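Fold and geometry: a report
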Amino acid sequence: GLYMAAAGVARDALEINGDVKWVAVSARASHGFCGACCAPLFWSRTGSPSISIVVGSMHDPSGLECKGHIFVSEKGDYYDINDGLPQYERYPAEGSG
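This one's a predicted model, so the numbers in the text were calculated from it and none came from an experiment.

What to know about unusual backbone geometry
A positive phi angle, close to 70 degrees, is found at cysteine 38, a residue other than glycine. Along the chain, cysteine 38 turns up in the loop between β3 (29-34) and β4 (40-45).

Laid out in C-alpha cells, this is it:
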C-alpha cells in the first residue's frame, strides 16, 4: 500500500490551483491526481462533504495536528505506531471529519 500523511477539509473550503485528473476507484470513492505529473493529491468518498488532501502537496501545511492513524492493518510490521493516538484497522466508522 501507499502510506502518506493526509488532512481532511470541507469541499467548499478547498481552493485547487491547477489541473486535477479524477479517477473513480470504486462506486464509493475517487482519487485526484496532478494533471501534469500524476502525483496523488486527493481522495474522497462519493457524496461526502469533505475531501482528503495529501499533506505533502499543500503550499503551507503548518498548523496541522494528527488525529489518528487509519488502515493500520495494512502497515508493514517494521513500522511502529506508538504516539498514543487512535488507530483504526481500516477507516473510522465516524469518518475523518
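What about the pairing of strand β2 (residues 20-24)?
Across five bridges, β2 lies against β3 in antiparallel orientation. The residue bridging lysine 21 from the neighbouring strand is phenylalanine 33, located in β3. Once β2 ends, the chain turns through four residues before running back antiparallel as β3.

A word on the nonpolar core
Among soluble globular proteins, nonpolar side chains are generally buried collectively. In terms of nonpolar packing, the biggest core is built from five residues, these being Cys34, Leu41, Phe42, Ile51 and Ile53. Counting only elements with at least two residues in this core, the list comes to β4 and β5 (50-54).

Focus: the side chain of histidine 69
Among the secondary structure elements, histidine 69 is positioned in the segment after β5. The exposure class assigned to histidine 69 is buried, which follows from its relative accessible area of 16%. When near neighbours in sequence (up to four residues on either side) are disregarded, histidine 69 contacts Ile81, Asp83, Leu85, Pro86, Gln87 and Tyr88.

A look at the environment of phenylalanine 42
Following the sequence through the fold, phenylalanine 42 ends up in strand β4. Phenylalanine 42 gets classed as buried once you look at its relative accessible area, which sits at 8%. Setting aside residues no more than four positions away along its own chain, phenylalanine 42 makes contact with Leu14, Ile16, Val20, Trp22, Ser30, His31, Gly32, Ile51, Ser52, Ile53 and Val54.

A short note on the pairing of β3
As judged from the five bridges shared by β3 and β4, these two strands associate in the antiparallel manner. Paired with phenylalanine 33 across the bridge in β4 is proline 40. Linkage of β3 to β4, two consecutive antiparallel strands, is achieved through a turn of five residues, within which cysteine 38 is found at a positive phi near 70 degrees.

Section: the environment of glycine 18
Examined against the element boundaries, glycine 18 turns out to sit in the loop between β1 (6-10) and β2. A residue is classified by how much of its surface remains accessible, and glycine 18, at 58% relative accessible area, is exposed. Remark: the alpha-carbon pair of glycine 18 and cysteine 66, spanning 48 residues in sequence, is separated by 27 Å.

So, the confidence of the model for the protein
Summary statistics for the protein give a mean pLDDT of 86 and a share of 92% for residues scoring 70 or more. Within the protein, β2 carries the highest mean pLDDT (95), whereas β1 carries the lowest (86).

Re the state of the cysteines
Applying the stated rule across the entire model yields zero disulfides. The cysteine cysteine 38 is free of any disulfide, with cysteine 37 supplying the nearest cysteine sulfur at 6.7 Å. For cysteine 38, a relative accessible area of 53% translates into the label exposed.

Definitions and limits used
Residues numbered from 1 in each chain as written. Predicted model: local features only at pLDDT ≥ 70, side-chain atom pairs only at ≥ 80, totals over all residues. Heavy atoms only, no water. Helix = DSSP H or I, 4+ residues; strand = E, 2+ residues; numbered from the N terminus. Pairing = 2+ DSSP bridges. Core = buried A, V, L, I, M, F, W, Y, C linked by side-chain atoms within 4.5 Å. Buried < 20%, exposed > 50% of the residue type's maximum accessible area, 1.4 Å probe, protein only. Contact = heavy atoms within 4.5 Å. pLDDT = per-residue confidence, 0-100. Disulfide = S-S within 2.5 Å.

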